[in-house]
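# A look at the structure
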Amino acid sequence: MDIALLIVGVLVALFVISTVLRSVRIVPQARARNVERLGRYSRTLQPGLNFVIPYIDRVRTTIDLREQVVSFKPQPVITEDNLVVEIDTVLYFQVTDPRAAAYEIASYLQAVEQLTVTTLRNVVGSMDLERTLTSRDTINSQLRGVLDDATGKWGIRVNRVEIKAIDPPKTIKDAMEKQMRAERDKRAAILNAEGQRQSQILTAEGDKQAAVLRAEGSRTARILEAEGQARAIDQVFQAVHRNDPDPKLLAYQYLQALPQLAQGPGNTVWVIPSEVTSALANVSRAFTEALPKSPATRDPETAEELATQAAADAAQAAEAAAEAVANAAETDRQVR
């Protein structure tokens, strides 16, 4: 009898403990659990310590209220120009109403995946391949708008939809690579041509500037040379007029220039001007008469030395002139 009472007491204690444990529910932060009372929705347990009626209330599985990330496998989509592309999408969503997520749809995750696929096919089906590859933001915004409207009654908020990859067929990839290679070659050829053109322009500009500088230098040199010659002529002219030369000195200078006229290699015929005789007469008369009292002959000793030197130069000039006359006559005779 005592053993039976002991067993009954143990069973009652176990039942009480089990009842107490079943009446207490601890929900973690950012989680939620729905409570069904006699098979009907009663309430949603909030994070923290909660009490339920054991054996009457049934607590459903925990629902995560944090933002979730789901990556769907690549889906084949046909574009407007009848090309099949593989599109991989990533969905960011969050459960805002645990009751609707549990009772409005059987599996909200599967529903979101299928809705994403169908919406993606509708959006991409109205675009060609080039626009599909360059309009990811447009596709993302359209997908997010459609999914957010459709999933609102399920207690789900779609925060973001991203396209991870768009893979066209291999043949299209090869064609795109060839096109890009051709574009790069074209840009390289254009840049090379532009570089050569710029180089030629710069070279031409440099040659032009160099030619201008050379011309300016030559002009400056000629101007300076002409100015120097003008100054030399002016000084000679001033010296000649300052010393007051007479015809005898000019005749002497004329005789000194005669040998130089006969030294040319092409002078086969030498015409003796009529002034040679008068020039010789003037020279002879100049050295037989007394020198004039010019500024150059005021010193007797200096005048005598100059007269001696002038006589020697006159004699040498006369000999050269006679030799030139003889050579010219000989040449004339050989030519005839």
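Residues numbered from 1 in each chain as written. Predicted model: local features only at pLDDT ≥ 70, side-chain atom pairs only at ≥ 80, totals over all residues. Heavy atoms only, no water.

Right, let's talk about the packing of helix α3 (residues 108-124) against helix α5 (residues 136-151) for a bit. Packed helices, taken two at a time, are described by the angle their axes make and the gap between the axes. Running from N to C, α3 and α5 point in directions that differ by 135°, and their axes come no closer than 10 Å. The angle between α3 and α5 falls in the class oblique. Read as a crossing pair, α3 and α5 show a hand that is right-handed. Contacts between α3 and α5 involve V112, L115, T116, T119, L120, V123 and V124 from the first element and I139, Q142, L143, V146, L147, A150 and T151 from the second. Classifying every residue of the contact of α3 with α5 by side-chain character gives ten nonpolar, four polar and no charged. (Axes fitted to C-alpha atoms, helices over the stretch in contact; angles between N-to-C directions. Helix = DSSP H or I, 4+ residues; strand = E, 2+ residues; numbered from the N terminus. Parallel < 35°, antiparallel > 145°, perpendicular 65-115°, else oblique. Left-handed = near helix turned anticlockwise from the far one by under 90°. Contact = heavy atoms within 4.5 Å. Nonpolar A, V, L, I, M, F, W, Y, C, P; charged D, E, K, R; others polar.)

Attention shifts here to the pairing of strand β3 (residues 40-45). Direction of pairing for strand β2 (residues 31-37) relative to β3: antiparallel, over a ladder of five bridges. Bridge assignment links V35 to a residue of β3, and that residue is R43. The antiparallel pairing of β2 with β3 creates a hairpin that spans two residues between the two strands, and L38 there sits at a positive phi of about 55°. (Pairing = 2+ DSSP bridges.)

Turning our eyes to something else, we now look at the confidence of the model for the protein. This prediction gives the protein a mean pLDDT of 79; 71% of its residues lie at or above 70. Low pLDDT, under 50, characterises residues 290-300; the stretch is placed with six contacts to residues that sit more than four places away or in other chains. (pLDDT = per-residue confidence, 0-100.)

Here is a general trend for soluble globular proteins: nonpolar side chains tend to be buried in one another's company. Membership of the largest hydrophobic core comes to 30 residues, with the highest contact counts inside it found for I87, L91, Y108, L120 and I139. When residues of this core are traced back to their parent elements, those giving at least two are β8 (84-95), α3, α5 and β9 (156-167). The contacts of Y108, once residues within four sequence positions are left out, are Q68, F93, V95, A101 and I156. (Core = buried A, V, L, I, M, F, W, Y, C linked by side-chain atoms within 4.5 Å. Buried < 20%, exposed > 50% of the residue type's maximum accessible area, 1.4 Å probe, protein only.)

When the terminal C-alpha atoms of α3 are compared, their 24 Å separation across 17 residues agrees well with the 24 Å that a helix rising 1.5 Å per residue should span. The complete set of buried residues in α3 reads Y108, A111, V112, L115, T116, V117, T119, L120, V123 and V124. (Expected span 1.5 Å × (residues − 1).)

Relative to the elements of secondary structure, R33 occurs in strand β2. At 11 Å, E36 is the nearest oppositely charged side chain to R33, a buried residue that forms no salt bridge. At 3.0 Å, the side chain of R33 forms a polar contact with the backbone oxygen of R60. Those residues in contact with R33 that sit more than four places away from it in its chain are R25, V27, R43, T44, L45, V59, R60, T61 and T62. (Lys, Arg positive; Asp, Glu negative; His and termini not counted. Salt bridge = Lys/Arg side-chain N within 4 Å of Asp/Glu carboxyl O. Polar contact = N/O pair within 3.5 Å; in protein donor to acceptor, adjacent residues only side chain to side chain.)

This part takes up the packing of aromatic side chains. The geometry of an aromatic ring pair is captured by the separation of the ring centres together with the interplanar angle, meaning the angle of the planes. Here the structure, examined in full by the defined rule, presents three aromatic pairs. Ring centres 5.8 Å apart and planes at 5° place the aromatic pair F15 and Y55 in the stacked group. In this pair, F15 sits in helix α1 (residues 2-23) while Y55 sits in the loop between β4 (48-51) and β5 (57-64), placing the two residues 40 residues apart along the sequence. Between Y41 and Y103, the ring centres sit 5.6 Å apart and the planes meet at 70°, which makes this aromatic pair edge-to-face. Highlighted residues: Y41 in strand β3 and Y103 in helix α2 (residues 98-103), separated in sequence by 62 residues. Residue Y103 is classed as partly exposed on the basis of its relative accessible area, which comes to 31%. Stacked on the ring of Y41, the Lys or Arg R99 has its end atom at 5.4 Å from the ring centre. (Phe/Tyr/Trp six-rings, centres within 6.5 Å; stacked < 30°, edge-to-face > 60°. Lys NZ or Arg CZ within 6 Å of the ring centre and 35° of its normal.)

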